[in-house]
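Listed below are the residues making up each chain.
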Amino acid sequence: MGNKIANRQVICDTLLELAQSDRDIMVLASDSRGSAAMGPFAQDYPEQFVEVGIAEQNIVGISAGLAHSGKKPFVTSPACFLSMRSIEQIKVDVAYSATNVKLIGISGGISYGALGMSHHSVQDLAVTRAIPGLAVILPADRHETKRMTEALVNYEGGVYVRIGRNPVEDVYESADYDFVIGKAVTMRDGSDITLIAAGETVRIALDAEVKLKEAGVSCRVINMHTIKPLDEEAIIKAARETGRIITVEEHSVHGGLGAAVAEVVVQHHPVPLRLLGIPDEPAIAGKTKEVFEHYGISAENIKNLALDMLGQ
Amino acid sequence: MEIIELKAKAAQIRMDLLQMIHGAKAGHTGGSLSNADILTALYYRVMNLDPARPKWEDRDRFIASKGHAVESLWCILADRGFFPKEELETFSQFGTRLIGHPNNKVPGIEMNTGALGHGLAISVGMALASKRDGRGYRVFCLMGDGEQAEGSVWEAAMAGAHYKLDNLVGIIDRNGLQISGSTEEVMGLDPLDEKWAAFGWHVISIDGNDMEQLVDTLEAAPTVPGKPTLIIANTVKAKGISFAENVPHWHHHVPSDEELAQALAELSAVLAGYQQEGQVR
Ligand SMILES: Cc1ncc(C[n+]2csc(CCOP(=O)(O)OP(=O)(O)O)c2C)c(N)n1
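Source: prediction; values computed, not measured.

## Here's the deal with the nonpolar core
- With 62 residues, the main nonpolar core has L15(A), F41(A) and L152(A) as its most contacted residues.
- Considering each element in turn, this core owes the most residues, 6 residues, to helix α8 (residues 202-214) of chain A.
- Counting residues in hydrophobic clusters, the runner-up holds 60 residues, among them M20(B), L33(B), L49(B) and V106(B).

## A word on the sheet that holds strand β4 (residues 202-207) of chain B
Residues and elements named next belong to chain B.
- The 5 strands lie next to each other as β1-β2-β3-β5-β4, forming an open sheet whose pairing is parallel. Where the open sheet ends on each side, the last strands, each with one partner, are β1 (61-64) and β4. Ignoring strand direction, the axes of neighbouring strands in this sheet form an average angle of 20°.
- In terms of strand pairing, β4 meets strand β5 (residues 229-234) through 6 bridges, oriented parallel. Residue pairing in the sheet places S205 in a bridge with I232 of β5.
- Contacts between helix α9 (residues 211-220) and the sheet are confined to β2 (139-144), β3 (168-174), β4 and β5, with β4 contributing the most and set at about 160° to the helix.

## Points about the interface of chain B and chain A
- Taken residue by residue, the interface counts 25 residues in chain B and 22 residues in chain A.
- Of the roughly 1,800 Å² buried between chain B and chain A, counting both surfaces, carbon and sulfur atoms make up 55%.
- Here chain B is connected to chain A by 1 salt bridge.
- R85(A) is the salt-bridge partner of E150(B), the closest N and O atoms lying 3.5 Å from each other.

## Quick word on the site of the ligand
- With respect to spatial proximity, 24 residues lie near the ligand, and among them E56(A), K66(B), H68(B), D145(B) and K237(B) are the closest.
- The ligand sits at a junction of chains, with neighbouring residues supplied by chains A and B.
- E56(A) is positioned such that a nitrogen or oxygen atom in its side chain is 2.5 Å from a nitrogen atom of the ligand.
- Between H119(A) and the ligand, the recorded distance is 3.4 Å, taken from a side-chain N or O atom to a nitrogen atom.
- The fraction of the free accessible surface of the ligand (590 Å²) that becomes covered by protein chains is 97%.
- Split by residue class, the shell around the ligand holds 6 nonpolar, 9 polar and 9 charged.

Analysis parameters
- Residues numbered from 1 in each chain as written.
- Chains lettered and ligands numbered in written order.
- Predicted model: local features only at pLDDT ≥ 70, side-chain atom pairs only at ≥ 80, totals over all residues.
- Heavy atoms only, no water.
- Core = buried A, V, L, I, M, F, W, Y, C linked by side-chain atoms within 4.5 Å.
- Buried < 20%, exposed > 50% of the residue type's maximum accessible area, 1.4 Å probe, protein only.
- Helix = DSSP H or I, 4+ residues; strand = E, 2+ residues; numbered from the N terminus.
- Pairing = 2+ DSSP bridges.
- Axes fitted to C-alpha atoms, helices over the stretch in contact; angles between N-to-C directions.
- Contact = heavy atoms within 4.5 Å.
- Buried area = accessible area lost by both parts, 1.4 Å probe.
- Salt bridge = Lys/Arg side-chain N within 4 Å of Asp/Glu carboxyl O.
- Near = heavy atom within 4 Å.
- Polar contact = N/O pair within 3.5 Å; in protein donor to acceptor, adjacent residues only side chain to side chain.
- Areas by Shrake-Rupley, 256 points an atom, 1.4 Å probe, with all protein chains shown as cover.
- Nonpolar A, V, L, I, M, F, W, Y, C, P; charged D, E, K, R; others polar.

As structure tokens, then:
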């Protein structure tokens, strides 16, 4: 497993490395440099850092202007505010105007458990995914986050990235694998059922796969790190080859990963599909693990759901 | 309540909220301590309220636009009897309704806040309704100074003056700090008073940790017919704990066992002083 590291930390470390030789990389913060773990960047590269204060609409507009002038801005701000409060700036100034802005939504999902719905970010995928031209990515662990950050620097165009707050367990053994924006990773192959997860729920899906194997079930696990552009091919293949799919996400069941998968499945190869996520209610207060347990976003529940779908 | 009793109450509320935050291992300590005197003045003296009827139509309204500093509010609402005091122990715990921001499932809370820059617009709406209905209740809205960077604050400021809401009182907890450091480093605000005045508000600057000034100003507000009032309450972040005052990381620092013990010792000495003074009078 290695040491647990928060993905926000990895983004800062990687940008610190890359900024040395790429003076166009810029980091912006909205009184959020601590939450984004960007303190060291602000310290080491003051000329490549911009503080805008508590102003999430402004941070996106300013970034679009910087990008228009050849900079490579990385906007770091809490996912809840960055994705929803600034959504019009994202739609018009970033996506529609095709500016090269990387939006890093920090403390996403229900990272801010007991702070309530204002701070939960479980609609962000639904909203950002609906914007033409905007890529939407959820890296799973430190290795993937590092690869993703490197890819983002070389990617032309608007991207929304969502990461959580806490240190996460590894799902990859090393960063030595092929990360391609828009290309899903099959983490485990299997033939009875497919689990599709993204971001920090990939770990839960992998744990469920182990339990299912013990129960004699051959389970495929797909890491759909890019929600948009979606790897439709991987989904259709899984539907065809395994006949059943469960999606697992730290997002509302409306409009997120599960919905995106469902859109593909129902149009191309209809099979039984279950969506695990946050139901249509303000999420209960608590720590991430407590909230996940409450809504059945756990390896044990996924195992039971899979067995149920398999008629066992 | 008399001034000396209000001072004692504020010290008590500070002790309560520190214990609550320490127990929950979560909370926004600094901003809640800086605004404890403002809320004490409002809830024990200035506002027209009835804890037995939290939805009483003619009550004055309070909106915590800086919703993260809810701890002082939870302690005050419990102490005033809006809900049982024991419930404070559930603060931030699994399934609680006493979450880390105002939650209107709890009696005494008008609106859910927590995303900064929402409160003043809501307050403008309430003050406008009070006027249109001829009810005459007042609306008090507490904002952070860091929060002033949100453009929505200024949209609401414009509307408040446009509709001549002289039943609306904005209060800025001017403690000079936000998360990343001082407000002047993060996003300069000064001259804050001139900005609000230019937007058509009647602006008053006071010491926001001085109970006499708070009570005098809040009781008299709004003071100018046809204008909303903006009180710049100059405060100290983490006010009341000598070693935490003006230290940025106390924004959401949870006191250790030793820090709590020391803070409670300081505050109980202050409280005892006020109690003695109160008896002498
Ligand atoms: C829209 C929005 N952006 C960011 C935050 C995160 N946040 C919570 S408190 C805070 C700092 C607030 O500073 P200030 O308004 O000065 O309040 P105080 O110092 O009195 O606590 C920030 C950035 C938020 N709650 N809402």
